[in-house]
Amino acid sequence: MNGLTWFYREAEPMNPSDKPVVILLHGLPSQSYSWRNVMLALAEQGLRAIAPDWIGFGYSVKPDRRMFAYTPEAYITGLGQLLDALQLEQVSIVAQGFVGSAGVQYALLNRDRVERLALFNTPAWAGAKLPWKMQQFGIPLVGEMLTQDPLLVDRTLEGGGGYVVEDADLDVYRRPFLKSSDAGRALFTLVRQLQVPKVAAEIEAGLTNWEKPLLMGWGDRDPWLPSDQAEAAAKAYPQAEFTKFEEVGHYPQEDWHEKVNEVLIPFLRRQLT
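Now for a look at the structure at hand. (Residues numbered from 1 in each chain as written. Predicted model: local features only at pLDDT ≥ 70, side-chain atom pairs only at ≥ 80, totals over all residues. Heavy atoms only, no water.)

### Focus: the pattern of salt bridges
One pass over the structure, following the stated rule, counts 16 salt bridges. Linking Arg48 and Glu12 is a salt bridge whose minimum nitrogen-to-oxygen distance equals 3.5 Å. Placement of Arg48 in the loop between α1 (36-44) and β3 (49-52) and of Glu12 in the loop between β1 (8-11) and β2 (21-25) is noted, with a sequence separation of 36 residues between them. The exposure class of Arg48 is partly exposed, given its relative accessible area of 25%. With its nearest N and O atoms 2.9 Å apart, the salt bridge here joins Arg36 to Glu254. On the criterion of sequence distance, the pair formed by Arg36 in helix α1 and Glu254 in helix α11 (residues 252-255) is long-range, its members being 218 residues apart. (Salt bridge = Lys/Arg side-chain N within 4 Å of Asp/Glu carboxyl O. Helix = DSSP H or I, 4+ residues; strand = E, 2+ residues; numbered from the N terminus. Buried < 20%, exposed > 50% of the residue type's maximum accessible area, 1.4 Å probe, protein only.)

In structure tokens:
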């Protein structure tokens, strides 16, 4: 799409249902691998699941900013191009974290194409901010050095909830940073373009008149997007179902995927009234 090569993981069900394909979108500085356990559970329930690596992340292409702007608008457009290329007319979107917010914006701008929407620890109310830990990734010189250190993935994924991620899994998350300096440069550029306060305010405005099923699942150990603020925001969204995950951090699908599956599968399988 537009000369950009996306990597994505896919789980095909043995007994497919008639439900739309589920698009699972990761956050910062993660990748589609974070959804591995959720994807398998969805497939077991007859749901086809696709989890892409955002451009600049994981195993997707990491172009120079002259080829890809790394702005929210660029990610929204890119996601639409990916869905077109995969010939997906109707989808359900599941978004997590910073950058995952572009999937929420896409849904709000393309409501006819999205059957239902699920948010997990995603900036979804005015006032949400990028944490200082991540803001540093975009500071000139400092950020350029930090984002070339593969261990930033360990520190961020584990700092988002206090859980130790298995070494074998961290090896997958680190690999793009070890393979090329492009991963670090893409992360540095992205963080400088994220515009989290603006994006979060737009999402809040859009969700207040969202008329389709909406699930908000939140890890209560998230140090960056507190669950009490998320719960308060959910009360202003007419369609929102809010679930708090106890002892779960910013990356619920990595920290405790069973709790995610417990609420996400019924939400996706439920018949629309």
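### Focus on the packing of aromatic side chains
For the coordinates displayed, the defined rule picks out eleven aromatic pairs. Ring geometry for Trp125 and Trp218: centres 5.7 Å apart, planes at 50°, overall tilted. Taken together, the residues span a long stretch of sequence, with Trp125 in the loop between β5 (114-120) and α4 (132-135) and Trp218 in strand β6 (residues 214-219) at a distance of 93 residues. Each member of the pair Trp125 and Trp218 is classed as buried. An aromatic cluster is defined as three or more aromatic residues linked by ring pairs; in this entry it consists of Trp6, Trp54, Phe68, Tyr70 and Tyr75. The cationic tip of Arg221 hangs over the ring face of Tyr163; the distance from NZ or CZ to the ring centre is 4.6 Å. (Phe/Tyr/Trp six-rings, centres within 6.5 Å; stacked < 30°, edge-to-face > 60°. Lys NZ or Arg CZ within 6 Å of the ring centre and 35° of its normal.)

### Side note on the environment of Gly161
Within the fold, Gly161 resides in the loop between α6 (151-159) and α7 (167-179). Residue classification places Gly161 among the buried residues on the basis of a relative accessible area of 7%. C-alpha separation for the pair Gly161 and Pro252, spaced 91 residues apart in sequence, amounts to 8.9 Å. Not counting residues within four places of it along the chain, the set of residues in contact with Gly161 comprises Arg221, Gly249 and Asp255. (Contact = heavy atoms within 4.5 Å.)

### Some points on the side chain of Arg174
Structurally, the position occupied by Arg174 is in helix α7. Discounting chain neighbours no more than four positions away, the residues touching Arg174 are Pro150, Leu151 and Asp154.

### Thoughts on the pairing of β5
Along β5, seven of the seven residues are buried, which leaves the element largely enclosed by surrounding structure. Taken together, the five bridges between strand β4 (residues 91-96) and β5 define a ladder with parallel strand orientation. Of the residues in β5, the one forming a bridge with Gln96 is Phe120. Taking the sense of rotation as the criterion, the β-α-β connection linking β4, helix α3 (residues 97-109) and β5 turns out right-handed. Bridge count between β5 and β6: four bridges; the pairing is parallel. Following the sheet pairing, Phe120 is matched in β6 by Gly217. (Pairing = 2+ DSSP bridges. Right-handed = clockwise from strand over helix to strand, strands pointing away.)

### Section: the pairing of β2
Remark: a regular strand shows side chains that alternate across the two faces of the sheet. Among the five residues that make up β2, five are buried, leaving the element largely enclosed by the rest of the structure. Burial along β2 is two-sided: Val21, Ile23 and Leu25 and Val22 and Leu24, pointing in opposite directions, are all buried. Alignment of β2 against β4, held across five bridges, turns out to be parallel. Its bridge partner being in β4, Leu25 is matched across the sheet by Ala95. Examined bridge by bridge, β2 and β3 share two bridges and lie parallel to one another. Bridge assignment links Ile23 to a residue of β3, and that residue is Ile50. Taken together, β2, α1 and β3 constitute a β-α-β crossover, and its handedness is right-handed.

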